[in-house]
Amino acid sequence: MKTRDRILVTSLELFNEFGEPNVTTIHIADEMDISPGNLYYHFRNKNEIIYELYQQFEKRMNEILVAPPEDREITMEDHWLFIHLLFEHIWEYRFIYRNLPDLLASVDKLATHFNRILDKKERVNKAICQGLIQNGTMIAGMEEVESLSRNIAMTMTYWLNYENVRNKGKHTEDLGKGVYQVMSLLTPYLEPTHRAFMQDLSKKYL
């Protein structure tokens, strides 16, 4: 692996484990057993590392946040898989979500890019919900779909912060509870038979 790629892999591991504010470029260089000068040859500062990691995160997120297929009916499995994949990817880059307000304020262009992610989260959620309404799986009006999509996006975005506060900063977040919480937001709008399926599926995450 090239040194630049090793820096990114090591940084992601350290940021996720110890929290981005607690990791310096010196820590990263020490972990890699390279000189700080070698690291600075590839990245001038920590913010450059963060931005490149964010670009990796955004690329994968954009692959997940695509419109649902139009050549078949949308199913509850589609919505479950969408939520599951999003939470998996959020966990892989969890340092971004744990320290989101500070990162958006301190790293140039991040706020604009992250707002695009939020827009896509809401847009894809709405498209899936509309597909479920069309095939009779879900009963909701347009205002309810708008509100539900926004609540799902908010819960996904701030779940790690909520868990972190509840666990007094110990970074012992339970991602399964996050998936359960998001799926529970959808359950009241489902037809009774589909509601039972979703409730059973949701409980497996606990």
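Residues numbered from 1 in each chain as written. Predicted model: local features only at pLDDT ≥ 70, side-chain atom pairs only at ≥ 80, totals over all residues. Heavy atoms only, no water.

## Examining a negative patch on the surface
Right, on to step 1. A cluster of acidic residues, Glu 13, Glu 17, Asp 30, Glu 31 and Asp 33, forms a negative patch on the protein surface.
Right, on to step 2. Secondary structure elements with two or more residues in the negative patch: helix 1 (3-18) and helix 2 (25-32).
Right, on to step 3. With respect to the helices and strands, the residue Glu 31 is situated in helix 2. (Patch = residues over 30% accessible without salt bridge, like charges linked within 9 Å, V, L, I, M, F, W, Y side chains within 5 Å. Areas by Shrake-Rupley, 256 points an atom, 1.4 Å probe, with all protein chains shown as cover. Salt bridge = Lys/Arg side-chain N within 4 Å of Asp/Glu carboxyl O. Lys, Arg positive; Asp, Glu negative; His and termini not counted. Charge placed at Lys NZ, Arg CZ, Asp CG, Glu CD. Helix = DSSP H or I, 4+ residues; strand = E, 2+ residues; numbered from the N terminus.)

## What about the packing of helix 5 (residues 76-92) against helix 8 (residues 110-134)?
Right, on to step 1. Helix 8 packs onto helix 5 with a crossing angle of 160° between their chain directions and a minimal axis gap of 9 Å. Here helix 5 is positioned roughly antiparallel relative to helix 8, judged by the angle of their axes. The chirality of how helix 5 crosses helix 8 is left-handed. Only Lys 121, Val 124, Asn 125, Ile 128 and Leu 132 of helix 8 make contact with helix 5, whose side of the interface consists of Met 76, His 79, Phe 82 and Ile 90.
Right, on to step 2. In terms of residue class, the contact of helix 5 with helix 8 is built from six nonpolar, two polar and one charged. (Axes fitted to C-alpha atoms, helices over the stretch in contact; angles between N-to-C directions. Parallel < 35°, antiparallel > 145°, perpendicular 65-115°, else oblique. Left-handed = near helix turned anticlockwise from the far one by under 90°. Contact = heavy atoms within 4.5 Å. Nonpolar A, V, L, I, M, F, W, Y, C, P; charged D, E, K, R; others polar.)

## Some details on unusual backbone geometry
Right, on to step 1. At Asp 33, a residue that is not glycine, the phi angle is positive and equals roughly 60°.
Right, on to step 2. By the secondary structure assignment, Asp 33 is in the loop between helix 2 and helix 3 (36-42).
Right, on to step 3. The phi angle at Lys 109 is positive, at roughly 75°, despite the residue not being glycine.

## Description of the UniProt feature "DNA-binding region" (unreviewed entry) in the protein chain
Right, on to step 1. Per the UniProt annotation, the sites labelled "DNA-binding region" (unreviewed entry) are residues 24-43.
Right, on to step 2. Helix makes up 75% of residues 24-43 and strand makes up 0%, while its end C-alpha atoms are separated by 13 Å. (UniProt positions renumbered as here; feature names shortened; annotations may be inferred.)

## Some remarks on the layout of surface pockets
Right, on to step 1. Counted as a void, the largest pocket has a volume near 210 Å³.
Right, on to step 2. Breaking the lining of the largest pocket down by element, the ones donating at least two residues are helix 5 and helix 8.
Right, on to step 3. Element by element, the count of residues in the lining of the largest pocket is highest for helix 5, at four residues. (1 Å grid on protein atoms, 1.4 Å probe; cavity = no way out; pocket = protein on both sides within 12 Å on 5 of 7 lines; lining within 4 Å. Points joined across faces, edges and corners; volume = space filled by probe spheres on them.)

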